[in-house]
Amino acid sequence: MKGISKAAHAGLSPLIPAVLAPPEVMTQAPPGFIPPPLNPSGARLETKELAPGVYGLLSSKLPVDNSGFVVGEHGVLVIDAHINGAMAGLIQTAVRQVTNKPILYVVNTNYHGDHTFGNYAFPQETLIVAQQKTAEIMRDFEREKQLLLPTVGNDPTVFGDVRLRLPDLVLDEYLELDLGGRVVELHHFGHGNTPGDTVVFVPEARVAWTGNLILGEGTIPFLIEGGAGAYLETMAKFTHTLEVGTIVPGHGLLTSGAILGRYLPYLSELIESVRKAIRAGQNLDEAIAATPLGQQYTEDIAGSDPPLVAQFAAFRAGIHRWNVWRTYQGMKGDPTSIQHLARGLSLASV
Ligand SMILES: [Zn+2]
């Protein structure tokens, strides 16, 4: 089990990286942004066998969290713990319909409460696994509850029962877990939707769980914490490292590795457009107007029912405005990055 280090909770740094969005950021978002509706009430998790021993748990209510599990000879690994004890219970019921083997691991793909608040409802013997930064940021439980509130219709009872349960095992860039006859790889490629995004990959099945790093079919990246350049680098590393067939996203419809063909150009076009707007002296509104969401990102999924498609299109348009806003802010707020870009440009023109 290379790459493992035991999390010494007391020893973890209390620092929250400056890149994190403060809770009030949701209310400062540009007009048109719709917080993702994550209230799980009424949601079912449908079990879908993707390969022998490899199961997606797909939410019946979009975009409430998906999850999943992998079964080996010795036991089970669950991907994401969901938002509360009730949903974590549905995950365990789904596992029990397939196997009686113990749940050895629960992997949190990021620190958000909708992926981690269910941790406490798994057995004590189950090891919670997360990337180092995810483990650190999870300690700010009250901040996370505040951030999550608008996504559950401001109903605090959704996670009223939740107790904070921190990871037992942390990884930096890579960790391999052998379930007995079936190996699961955990990859952290860098900052994406959050600083500690983790991809769970079953190589023999070429199935990946991507958390919020890659969302479902028809989506664009969501730069909730900004950092377009870092996100692009992360996506490039992902592309170089893994040859993925099926992707079970943290939210949305099942997709495939082909979605990298949207995410990579989206990010580089976003960076280029916002950089041009700033260099032309445009304000934020002008930058948003000058950076429309390209038509290649708005083609919708065939066969989906029209009201859902319309809702999804509005949601995606809001995410794009958010992305332009955060990228603009990031480039404006950090003079060194502008100088860096200017230096890059003059080198490129030599
Ligand atoms: Zn999420």
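Further remarks concern the overall build of the chain. Each helix and strand in the chain was counted, giving ten helices and 14 strands. A buried classification covers 53% of the 350 residues belonging to the chain. The long-range fraction of contacts in the chain, counting pairs at least 24 apart against all pairs at least 6 apart in sequence, stands at 70%. Split by element, the accessible area of the chain, about 14600 Å² in all, is 56% carbon and sulfur.

Let us now look at the coordination of the zinc ion. Each protein donor to the zinc ion is listed here as Asp114 (OD), His115 (NE2), Asn212 (OD1), Asn212 (ND2) and His251 (NE2); together their distances run 2.0 to 2.7 Å. Considered as a linear motif, the donors of the zinc ion on their single chain read D-H-x96-N-x38-H. In this pair, Asp114 is assigned in helix α3 (residues 113-116) and Asn212 in the loop between β12 (207-211) and α6 (228-241), connecting sequence segments 98 residues apart.

A rise of 1.5 Å per residue sets the reference length of helix α7 (residues 260-279), with its 20 residues, at 28 Å; its end C-alpha atoms lie 29 Å apart and thus fit the reference within 8%. A positive backbone phi angle near 75 degrees is found at Gly281, which sits one or two residues after α7.

Take a nonpolar patch on the surface next. On the surface, Leu62, Leu253 and Leu308 cluster together into a nonpolar patch covering about 220 Å² of accessible area. With respect to the helices and strands, the residue Leu253 is situated in the loop between β13 (246-249) and β14 (255-256). Its relative accessible area of 35% is what places Leu253 among the partly exposed residues.

A separate point is unusual backbone geometry. Between Leu62 and the following residue, Pro63, the backbone shows a cis peptide bond with an omega angle of -5 degrees. Phi at Asn154 takes a positive value of approximately 55 degrees, unusual for a residue other than glycine. Its location among the elements puts Asn154 in the loop between α5 (141-148) and β8 (169-171). Looking at Asn154, the relative accessible area reads 53%, which means it is exposed. Phi angles above zero are rare outside glycine, and Arg206 is one such case at about 55 degrees.

It is worth spelling out the pairing of strand β2 (residues 45-51) at this point. One ladder, built from six bridges, connects β2 with strand β3 (residues 54-59); its direction is antiparallel. Each residue of the ladder has a partner; that of Thr47, found in β3, is Leu57. Counted between consecutive antiparallel strands, the loop separating β2 from β3 contains two residues, among which Gly53 sits at a positive phi close to 80 degrees.

On to the environment of Lys61. Within the fold, Lys61 resides in the loop between β3 and β4 (67-71). C-alpha separation for the pair Lys61 and Gly42, spaced 19 residues apart in sequence, amounts to 7.7 Å. When sequence neighbours within four positions are dropped, the list of residues in contact with Lys61 reads Asn39, Pro40, Ser41 and Ala43. Looking at Lys61, its side chain comes within polar contact range of the main-chain oxygen of Asn39, at 2.8 Å. Side-chain polar atoms of Lys61 contact the backbone oxygen of Ser41, separated by 2.7 Å.

Each value, and the rule that gives it
- Residues numbered from 1 in each chain as written.
- Predicted model: local features only at pLDDT ≥ 70, side-chain atom pairs only at ≥ 80, totals over all residues.
- Heavy atoms only, no water.
- Helix = DSSP H or I, 4+ residues; strand = E, 2+ residues; numbered from the N terminus.
- Buried < 20%, exposed > 50% of the residue type's maximum accessible area, 1.4 Å probe, protein only.
- Contact = heavy atoms within 4.5 Å.
- Areas by Shrake-Rupley, 256 points an atom, 1.4 Å probe, with all protein chains shown as cover.
- Donors = N, O, S within 2.8 Å, 3.2 Å for Na, K, Ca; no water.
- Expected span 1.5 Å × (residues − 1).
- Patch = residues over 30% accessible without salt bridge, like charges linked within 9 Å, V, L, I, M, F, W, Y side chains within 5 Å.
- Salt bridge = Lys/Arg side-chain N within 4 Å of Asp/Glu carboxyl O.
- Pairing = 2+ DSSP bridges.
- Polar contact = N/O pair within 3.5 Å; in protein donor to acceptor, adjacent residues only side chain to side chain.

The values are spatial; any link to function lies outside them.
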